[in-house]
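Tertiary structure, described
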Amino acid sequence: MSRREVREQIFKLLFRAEFYEETELPEQLELFFEELDRKEEKDTRYIQDKFEQIVSRLPELDRMINEAAQGWKTTRMGKVDLTLIRLAVYEMKFEEEVPTGVAINEAVELAKSYGTDDSASFVNGILAKLA
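Residues numbered from 1 in each chain as written. Predicted model: local features only at pLDDT ≥ 70, side-chain atom pairs only at ≥ 80, totals over all residues. Heavy atoms only, no water.

What to know about the side chain of aspartate 43
For aspartate 43, the position within the fold is in helix H3 (residues 41-56). When its relative accessible area of 5% is taken as the criterion, aspartate 43 is described as buried. A polar side-chain atom of aspartate 43 sits 3.1 Å from the main-chain amide nitrogen of methionine 1. Those residues in contact with aspartate 43 that lie beyond four places of it in its chain are Met1 and Val6. (Helix = DSSP H or I, 4+ residues; strand = E, 2+ residues; numbered from the N terminus. Buried < 20%, exposed > 50% of the residue type's maximum accessible area, 1.4 Å probe, protein only. Polar contact = N/O pair within 3.5 Å; in protein donor to acceptor, adjacent residues only side chain to side chain. Contact = heavy atoms within 4.5 Å.)

Focus on the packing of helix H5 (residues 79-94) against helix H7 (residues 119-130)
Where H5 meets H7, the axes come as close as 10 Å, and the angle between the chain directions of the two elements is 30 degrees. Here H7 runs roughly parallel to H5, going by the angle between their axes. Pair H5 / H7 crosses with right-handed handedness. Contacts between H5 and H7 involve Asp81, Ile85, Ala88, Val89, Met92 and Lys93 from the first element and Ser119, Phe122, Val123, Ile126, Leu127 and Leu130 from the second. Grouping the constituent residues of the contact of H5 with H7 by class yields nine nonpolar, one polar and two charged. (Axes fitted to C-alpha atoms, helices over the stretch in contact; angles between N-to-C directions. Parallel < 35°, antiparallel > 145°, perpendicular 65-115°, else oblique. Left-handed = near helix turned anticlockwise from the far one by under 90°. Nonpolar A, V, L, I, M, F, W, Y, C, P; charged D, E, K, R; others polar.)

Topic: H3
Spanning 16 residues, H3 covers 22 Å between terminal C-alpha atoms, matching the ideal 22 Å at 1.5 Å per step. Where H3 is buried, its residues contact helix H1 (3-17), helix H2 (25-35), helix H4 (58-68) and H5. (Expected span 1.5 Å × (residues − 1).)

Examining the side chain of aspartate 81
If you trace the backbone, aspartate 81 turns up in helix H5. A polar atom in the side chain of aspartate 81 sits 2.7 Å from the side chain of serine 119. In this view, aspartate 81 contacts Ser119, Phe122 and Val123; residues no more than four positions away in its chain are not counted.

Structure follows, in structure tokens:
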């Protein structure tokens, strides 16, 4: 898989996690990887590791987002937008090998595909404040 495809799969997995309790996540991981096409061991391992790292930092990520998002709280944001913002903020703050511009651009592109008409500009605006 390309980096973009891997990022998209991480987004899908994080989005799925929004609808389940923490105790259900291991089963959801298993189901996710059963449904995944064109999977290689290195990709599935990377996706799972990054997913777990992001989930473990959700309170910290949400705090950063809430501080930057004037007039918006994570509890009011659409789940697609919030998931993309969390993924990008994680990459910007905790993954040195991902340039900030790439993290923002990839989140905006995914927002165009999965979000509403306003998602791309909303995601871009929040991430720009965190850059």
